[in-house]
Every structure is written in C-alpha cells, then in structure tokens.
Amino acid sequence: MNKPLSYQSSVPIYCTKTQKEFSVDPYERYFDRVRRQVFSQYYDLNDLRTHYIYEPIIQYIKQHISTSTTGTICEVGCATGRLLRELSLSYKEADLIGLDYSYQMIKMAQQIHHHSGILELDFSDRGSKNYIIDYHPNQHIHFGMAKAEELPFESEYLETIISVMLWDRLDDPTQFLNEVVRVLRPNGKMILITPENYQKAHHWQQFYPTRKMIQIIESHKLKVIHLNEKINITEPLDNSKNAIMWDCVGLAIKKIS
Ligand SMILES: C[S@@+](CC[C@H](N)C(=O)[O-])C[C@H]1O[C@@H](n2cnc3c(N)ncnc32)[C@H](O)[C@@H]1O
C-alpha cells in the first residue's frame, strides 16, 4: 500500500481534497450523514428487536469469497466501518482495509474501532437517548481517507474489493472500474452491492437497467460471475421502526487475467 500523503488527527490521508470539495461533500456533514451512518449501522447493538441490517450482504460476500483467504480485502466507501468489523470475525487471516473519501467518516470509524471504551451518542432526535457503542479495539482493520477513483495501492496488490452502496453515488463509476482493474490481482474479485438509485439523469441513461451496468463492467477486463437482484436492506431511520427499503443488486465480479 502507498504511504499516506499526511495524517490529520491520526487519520491517514491518501488523497487531496480541496476546501471547496470538503464544503460540497454531503458525507463530510457530521450532523446528518455521519450520525445517520452510525445510527443505522449500529442500530441492532442498541435495540434487541432487530438484527444487523447488512446480514444479507455478509452472506453474499461469504458465498463468493473464501473465509480462509490470506490476501488483502479492501472495502471502498466503508463509512464508519461496521461491515469490516463483522467481516473480521470470519476473515481472520486476511488484512482488512477500509477507505472512504469522507474524513469525518474515517475519523468516526477509527474512533469506534481503534480505541477502547464506550462511545455514547445522543439520538433523542430519533427517539433513542442513550445510544451506546461498546467495542474493543481492533487494530487488525486499517482505515484511511482515499478516493475510489485513485486507490492508494500499487498495481495487482489486492485480492478482494468490496463496495457497498457506493456505485450509484460516484461522479464517474467507470473511473472506479479502471482502478479496480489496476489494483486487483489476476483472478481477484470484487463484490459490488448497490441500489440503483442514481442521482444524475445521465447515470440512469448510462447504467440502468442492470444489464447495462453489467455491460459497462465487462468492458473493463472484468467478468460478472454472479448476479443477485434481490438483496433487500432495511435501513432504520428512528427508534419507531420507520425505515427505508433499499432494493439492491449484488454482483460478484472477477478480474480477467
Ligand atoms: C451511501 S454511503 C454507504 C456507506 C457504507 N458503504 C454503507 O453501506 O453503509 C456512501 C459512502 O461512500 C463514500 N464515498 C462517496 N464518494 C466516494 C469516493 N469517490 N471514493 C470513496 N468513497 C466515497 C461516502 O463518503 C460515504 O461514506
């Protein structure tokens, strides 16, 4: 892996991001986006009525990536890192790296996963006053601020890339695909899980329906080896069971050697 360009409050920074880019990036907003991620990703730890919302995603990853892998697994767009934490319980021999373009998300990921003690958050605006995350440090997972379009690895470094709920948020997903092809080892795999909830009209035209997305992926020295069009994720919005239903597609993708 490349060396970080710098560190900011112990967050390794692998990319440049201008003040303007910081100010327009919604994922840098602590009060809506970072708190929303924490609320939904750790909800089950605070309320026994529910299960971990990404259980279907864990199952899909395990279906395609052997738990005995010893290579490096990188999650791109990892936000506050819960998925990697869950994966670390099964992928004990792998190196786990979480990257996200949001400094605030990675800072929170490190706060939760690298330090001991209890993180107590007040979500009384969502009906949950004492939201407590009690995690033991897991130095096994490395986090860094980096861009999907400029991955901080030398060529053919990674065994596996995981990307969840990122594809439809990228300005140009094909730049991400170019990087995936560059940094994956021959026969390396990517597990891509996304709702098709594009934000821009030209993205709908370019990538929707799923067969178009697959065509574009396969024009990049990548082969889609499995498609699951029924990965349903329920994201809790508050403590009163209001939720968003995400209808996701899951793709297991292999780099053609
Ligand atoms: C919808 S959230 C999903 C987060 C997490 N994967 C999950 O499923 O809970 C999208 C995440 O992707 C990150 N992101 C957006 N654009 C990115 C980019 N170009 N490179 C890396 N991460 C990016 C955001 O900062 C945010 O944390």
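From a predicted model like this one, the values you see are computed outputs, not experimental measurements. (Residues numbered from 1 in each chain as written. Predicted model: local features only at pLDDT ≥ 70, side-chain atom pairs only at ≥ 80, totals over all residues.)

J.: Which residues make up the overall build of the protein, and what values do they have?
T.: In terms of helices and strands, the protein carries eight helices and 11 strands. Against the 2.2 N^0.38 benchmark of 18 Å for 257 residues, the protein shows a C-alpha radius of gyration of 18 Å, consistent with a compact globule. In terms of overall dimensions, the protein has a C-alpha envelope of 50 × 40 × 40 Å along the principal axes. The buried share of the protein, taken over its 257 residues, is 37%. The contacts in the protein between residues at least 6 apart in sequence include a share of 71% that link residues at least 24 apart. (Helix = DSSP H or I, 4+ residues; strand = E, 2+ residues; numbered from the N terminus. Rg over C-alpha atoms; globule rule 2.2 N^0.38 Å. Buried ≥ 20, exposed ≤ 12 C-beta atoms within 10 Å, placed from the backbone. Contact = placed C-beta atoms within 7 Å.)

J.: Explain the packing of helix α2 (residues 30-41) against helix α5 (residues 103-113) to me, and be specific about the residues and the numbers.
T.: Put simply, α2 and α5 touch, their axes get as near as 10 Å, and they point 40 degrees apart. Taken together, the axis directions place α2 and α5 in an arrangement best described as oblique. Considering only the axes of α2 and α5, their crossing is right-handed. Residues Tyr30, Val34, Gln37 and Val38 of α2 form the contact with α5, whose participating residues are Gln104, Met105 and Met108. For the contact of α2 with α5, the class distribution of residues is five nonpolar, two polar and no charged. (Axes fitted to C-alpha atoms, helices over the stretch in contact; angles between N-to-C directions. Parallel < 35°, antiparallel > 145°, perpendicular 65-115°, else oblique. Left-handed = near helix turned anticlockwise from the far one by under 90°. Nonpolar A, V, L, I, M, F, W, Y, C, P; charged D, E, K, R; others polar.)

J.: Lay out the site of the ligand in plain terms, naming residues and giving numbers.
T.: Inspection of the region around the ligand gives 19 residues, with Tyr27, Gly77, Ala79, Ser102 and Ala148 positioned closest. Split into classes, the residues belonging to the shell around the ligand amount to 11 nonpolar, four polar and four charged. (Near = placed C-beta within 6 Å.)

J.: Tell me what's going on with the pairing of strand β3 (residues 72-76), and back it up with residues and numbers.
T.: Burial within β3 is extensive, with five of its five residues counted as buried. Side chains Thr72, Cys74 and Val76 of β3 all project onto a buried face; the interleaved residues Ile73 and Glu75 project onto the opposite face, where all are buried too. What joins β3 to strand β4 (residues 95-100) is helix α4 (residues 82-90), and the crossover it makes is right-handed. For β3 and strand β8 (residues 158-164), the ladder comprises three bridges, and the chain directions are parallel. Pairing of Cys74 across the sheet is with Ile161, part of β8. (Right-handed = clockwise from strand over helix to strand, strands pointing away. Pairing = 2+ DSSP bridges.)

J.: Let's hear about the environment of Asp171: which residues, and what values?
T.: Note that Asp171 resides in the loop between β8 and α6 (173-183). A residue is classified by how many C-beta atoms lie within 10 Å of it, and Asp171, with 11 of them, is exposed. For the pair Asp171 and Lys200, spaced 29 residues apart in sequence, the C-alpha separation works out to 8.7 Å.

J.: Which residues make up helix α3 (residues 55-64), and what values go with them?
T.: Buried within α3 are the following residues: Ile57, Tyr60 and Ile61. Within α3, the buried residues cover an arc of 100 degrees as seen down the axis, which keeps them to one side. With respect to the buried face of α3, the exposed residues turned more than 90 degrees away are Glu55, Gln59 and Gln63. Looking at the buried positions of α3, the neighbouring elements they touch are α4, β8, β9 (184-195), β10 (222-236) and β11 (243-255). (Arc of directions from axis to C-beta.)

J.: Could you give an account of the environment of Glu154, naming the residues involved and the relevant values?
T.: Structurally, the position occupied by Glu154 is in the loop between β7 (141-145) and β8. Classification of Glu154 as exposed rests on a count of 11 C-beta atoms within 10 Å. With 152 residues separating them in the primary sequence, Glu154 and Asn2 have C-alpha atoms 7.0 Å apart.

J.: Could you give me a rundown of the nonpolar core, with the residues and numbers involved?
T.: If you look at soluble globular proteins, the nonpolar side chains tend to sit buried side by side. Counting residues in hydrophobic clusters, the biggest one holds 62 residues, and the most contacted among them are Leu96, Ile161 and Ile191. With sequence-adjacent residues up to four places away left out, Ile191 is seen in contact with Tyr60, Ile61, His64, Ile65, Ile162 and Ala252. (Core = buried A, V, L, I, M, F, W, Y, C linked by C-beta atoms within 7 Å.)

J.: Give a detailed account of unusual backbone geometry, specifying residues and quantitative values.
T.: Put simply, Tyr208 and Pro209 share a cis peptide bond, and its omega is 5 degrees. Looking at the element boundaries, Pro209 is found in the loop between α7 (201-207) and α8 (210-218). Residues other than glycine seldom take positive phi values, yet Lys221 does so here, at roughly 60 degrees. Examined against the element boundaries, Lys221 turns out to sit in the loop between α8 and β10. Residue Lys241 is not a glycine yet carries a positive backbone phi of 65 degrees. Considering the arrangement of structural elements, one finds Lys241 in the loop between β10 and β11.

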